[in-house]
Amino acid sequence: MRAIIIAALTAPLLAGCVSAVKTVVTAPVKAVGQVADWSTTSQDESDRNRGRELRKREEQMGKLTRQRDKAAEKCQAGNSEQCQRAEVLDHEIEALMAPR
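Visitor: Could you clarify how one ought to interpret the nonpolar core in this entry?
Guide: Judged by nonpolar contacts, Met61, Leu64, Leu89, Ile93 and Leu96 together constitute the single largest core of five residues. Contributing elements (two or more residues each) for this core: helix 2 (43-76) and helix 3 (80-97). The element that contributes the greatest number of residues to this core is helix 3, accounting for three residues. Excluding residues within four positions of it along the chain, Ile93 makes contact with Met61, Leu64, Thr65 and Arg68.

Visitor: Where do I start with the pattern of salt bridges in this structure?
Guide: When their charged atoms lie close together, side chains carrying opposite charge are able to pair. Counted by the stated rule, this structure contains four salt bridges. With its nearest N and O atoms 3.3 Å apart, the salt bridge here joins Glu53 to Arg50. Note that Glu53 and Arg50 are positioned in helix 2 at a spacing of three residues, about one turn of the helix. The residue Arg68 makes a salt bridge to Asp69 at a minimum N-O spacing of 3.3 Å. Judged by relative accessible area, which is 35%, Asp69 ranks as partly exposed. Each of Arg68, Asp69 and Asp90 takes part in salt bridges that share partners, so that together they form one network.

Visitor: Any chance you could explain helix 3 here in plain terms?
Guide: Every α-helix carries 3.6 residues per turn, so stepping three or four residues along brings you back to the same face. Across its 18 residues, helix 3 extends 26 Å between first and last C-alpha, which sits within 8% of the 26 Å expected from 1.5 Å per residue. Along helix 3, the residues that are buried comprise Gln82, Ala86, Leu89, Ile93 and Leu96. Relative to the axis of helix 3, the buried residues are bounded by an arc of 80° and lie together on one face. Exposed and facing more than 90 degrees away from the buried side of helix 3 are Ser80, Gln84, Glu94 and Ala95. Close packing links the buried residues of helix 3 with helix 2. Its side-chain oxygen placed 3.1 Å from the backbone nitrogen of Glu81, Asn79 serves as the N-cap of helix 3.

About the thresholds
- Residues numbered from 1 in each chain as written.
- Predicted model: local features only at pLDDT ≥ 70, side-chain atom pairs only at ≥ 80, totals over all residues.
- Heavy atoms only, no water.
- Core = buried A, V, L, I, M, F, W, Y, C linked by side-chain atoms within 4.5 Å.
- Buried < 20%, exposed > 50% of the residue type's maximum accessible area, 1.4 Å probe, protein only.
- Helix = DSSP H or I, 4+ residues; strand = E, 2+ residues; numbered from the N terminus.
- Contact = heavy atoms within 4.5 Å.
- Salt bridge = Lys/Arg side-chain N within 4 Å of Asp/Glu carboxyl O.
- Expected span 1.5 Å × (residues − 1).
- Arc of directions from axis to C-beta.
- Polar contact = N/O pair within 3.5 Å; in protein donor to acceptor, adjacent residues only side chain to side chain.

This is how it looks when you write it as structure tokens:
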């Protein structure tokens, strides 16, 4: 009779122990999985990053083109400094367009 009472009283304690053991055993597996997720880039993330990079490059290209066009107009008006600036901006645009 005493054994049955002791077994009945320890059953809830064992359930808690089993839960704790399960948590301790599965924690390293979950941690490794999380590290793998953090250290790898999914195709979707890669595509988003590539798109962001292209938009940034296009924005920079537009800015340089506008600056070059203004410098070219001033060059045609007779400002020799702006002729040199337009040439430098042309080289910057060419470098930006070069494949990476």
